[in-house]
Structure formats: structure tokens, C-alpha cells
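# Notes for the structure review
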Amino acid sequence: SFDVYHKIIQPGTYCRIQGKVGPSRNQKEAILFCHSITYTLANNNPQHLRNVLKFVQDGVLDATEVLNALPILSQVEELNPSLSSNNNQTYGELAMGILDRF
């Protein structure tokens, strides 16, 4: 679903958007009809990354896609605080730790 991308596309976030351009009601405008979006690089906002990690946990965002957007991580398990090396972490603490190494 594209709904999650409305929440994660913020300044500094890189995404690859593919689609087709179509006409708009306004003559000087066009509309992009998206058929796929890929999250390609996280921004440096820990609150934003915390939400992205929660979306992965909730199953609304693909874990492999997020793992590829965070090149310092190598395993999907590193995206979940209960499976990371310090299992007492919150999502916010995990996000801060990831961004400190990013």
C-alpha cells in the first residue's frame, strides 16, 4: 500500500518513485500516477527512523527495503529492538544507535 509512504517521505529521505505522467485539470500542471515506490535512503531524524522501524514491525513496510536503505545494517533482525544486541532498547533508542553509526 502507498499509505505508509505518505508518512515516511520527509525532507532528507530518498525514495525511487516510478510511474507515468498524466494530464491535470490545470494546463500548466501534470499528475504523476505512481505504480511503485521504493525507500532507498533514510534521513537523519531519529523520530522518523523510529516510525519507519515500527512500520516494519507492524508489517506495513518491507523489512528488506528498509535494510537496503540503511547500509550500515546487514541483517533484518537488526531492525527490531527485541532481536538486536541490546534487547531492552526502545525503537527510539535503536533508531538513535543506528543513526550514530550511519
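Notes on the structure follow.

Cut-off values and rules
- Residues numbered from 1 in each chain as written.
- Predicted model: local features only at pLDDT ≥ 70, side-chain atom pairs only at ≥ 80, totals over all residues.
- Heavy atoms only, no water.
- Helix = DSSP H or I, 4+ residues; strand = E, 2+ residues; numbered from the N terminus.
- Buried < 20%, exposed > 50% of the residue type's maximum accessible area, 1.4 Å probe, protein only.
- Contact = heavy atoms within 4.5 Å.
- Areas by Shrake-Rupley, 256 points an atom, 1.4 Å probe, with all protein chains shown as cover.
- Pairing = 2+ DSSP bridges.
- Polar contact = N/O pair within 3.5 Å; in protein donor to acceptor, adjacent residues only side chain to side chain.
- Patch = residues over 30% accessible without salt bridge, like charges linked within 9 Å, V, L, I, M, F, W, Y side chains within 5 Å.
- Salt bridge = Lys/Arg side-chain N within 4 Å of Asp/Glu carboxyl O.
- Axes fitted to C-alpha atoms, helices over the stretch in contact; angles between N-to-C directions.
- Left-handed = near helix turned anticlockwise from the far one by under 90°.
- Nonpolar A, V, L, I, M, F, W, Y, C, P; charged D, E, K, R; others polar.

Scanning the protein chain from terminus to terminus reveals four helices and two strands. When the elements of the protein chain are put in sequence order from the N terminus, they spell out α-β-β-α-α-α. Overall size of the protein chain, expressed as C-alpha extent along the three principal axes, is 55 × 20 × 20 Å. Counting every position in the protein chain, which comprises 102 residues, the buried fraction comes to 32%. A separation of at least 24 residues holds for 54% of the contacts in the protein chain among residues at least 6 apart in sequence. If you sum the accessible surface of the protein chain, you get close to 6800 Å²; carbon and sulfur atoms cover 48% of it.

Quick look at the pairing of strand β1 (residues 14-23) now. As defined by bridge partners, β1 adjoins strand β2 (residues 30-41) across ten bridges and the pair is classed as antiparallel. Counterpart to Pro23 in the pairing with β2 is Ala30. The antiparallel pairing of β1 with β2 creates a hairpin that spans six residues between the two strands.

What follows is about the side chain of Asn80. Within the secondary structure, Asn80 is located in the loop between α3 (63-69) and α4 (91-101). Since its relative accessible area comes to 14%, Asn80 is described here as buried. At a separation of 2.7 Å, a polar atom in the side chain of Asn80 contacts the side chain of Gln57. Once residues within four sequence positions are removed from consideration, Asn80 is found in contact with Gln57, Tyr91 and Leu94.

It is worth spelling out the environment of Ile72 at this point. Position of Ile72 among the secondary structure elements: in the loop between α3 and α4. Exposure remark for Ile72: the relative accessible area of 32% places this residue in the partly exposed category. Setting aside its immediate chain neighbours within four residues, Ile72 contacts Ile98, Arg101 and Phe102.

Residues Ile9, Ile17, Val21 and Leu32 make up a contiguous nonpolar surface patch of about 360 Å² in total accessible area. Along the chain, Ile17 turns up in strand β1.

We now examine the packing of helix α2 (residues 46-58) against α4. Orientation of α2 relative to α4, taken along the N-to-C sense of each, is 115°, at an axis distance of 8 Å. For α2 against α4, the interelement crossing comes out right-handed. Taking contact as the criterion, the partners of Pro46, Leu49, Arg50, Leu53, Lys54 and Gln57 in α2 are, on α4, Tyr91, Gly92, Leu94, Ala95, Met96, Ile98 and Leu99. Partitioned by chemical class, the residues of the contact of α2 with α4 number nine nonpolar, two polar and two charged.

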